[in-house]
Amino acid sequence: QVQLVESGGGLVQPGGSLRLSCAASGSILRVYVMDWYRQAPGKQRELVAAITSGGITNVVDSVKGRFTISRDNAKNTVYLQMSSLKPEDTAVYYCNADIATMTSKTSSNYWGQGTQVTVSS
């Protein structure tokens, strides 16, 4: 059994910053790509940023220069540092990861429960 648990969401004023964390736990053999997605009310879930186990990153154009993704492989944790936040960044942010377990040895895709980020004055 694998769990992804996000934390760090909340209410922030425009221009402010937040740091999201997502920790993977369970019978983990290896964590591959870790991603952050978000879903705003009435919109489809969209990819925000991704990072490989080797540290190669990719972020979507709408957050480039404002959001940074990083990870700590020893802790099986991925972070999303968000700066210069805008009201349009308001969404539920979800962690996603491809993880191989001690049992399966092959990777499966897992989702966290989501954490709300609200940018408002």
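Please read these numbers as outputs of a predicted model, since none were measured by experiment.

So, how was this worked out
All residue numbers here refer to positions counted from 1 along the written sequence of the relevant chain. For a predicted model such as this one, the threshold for reporting local features is a pLDDT of at least 70, and the threshold for listing and counting side-chain atom pairs is 80 or more; totals across whole chains, interfaces and linings nevertheless cover every residue. Working from all heavy atoms in the structure, the side-chain values ignore hydrogens and water. Here, a disulfide means two cysteine sulfur atoms that sit within 2.5 Å of each other. To qualify as a helix, a DSSP run of H or I must reach at least 4 residues; to qualify as a strand, a run of E must reach at least 2; elements of each kind are numbered from the N terminus. Burial classes: relative accessible area under 20% of the type maximum marks a residue as buried, over 50% as exposed, and values in between as partly exposed (1.4 Å probe, protein chains only). By definition, two strands form a pair when at least two bridges between them are found by DSSP. Axes here refer to lines fitted to C-alpha atoms; in helices the fit is confined to the stretch in contact. Angles between the N-to-C directions go from 0 to 180 degrees.

Draft legend 1. Spotlight on the state of the cysteines. Throughout the structure, instances matching the rule amount to one disulfide. With its sulfur 2.1 Å from that of its partner, C22 forms a disulfide with C95. The disulfide joining C22 to C95 has a torsion of about -80 degrees about its S-S bond and is therefore left-handed. With C22 in strand β3 (residues 18-26) and C95 in strand β9 (residues 91-101), the pair connects residues that are 73 residues apart, well separated along the chain. The burial state of C22 is the same as that of C95; both residues are buried.

Draft legend 2. Geometry of the sheet that holds strand β1 (residues 2-7). One open sheet holds the four strands; their spatial order is β1-β3-β8-β7, and the pairing between them is antiparallel. Two strands close off the open sheet at either side, each with one partner strand: β1 and β7 (67-72). The sheet shows a mean angle of 15 degrees between the axes of neighbouring strands, taken without regard to direction. The sheet contact formed by β7 and strand β8 (residues 77-82) spans six bridges and is antiparallel. Looking at β8, one finds that S70 is bridged to Y79.

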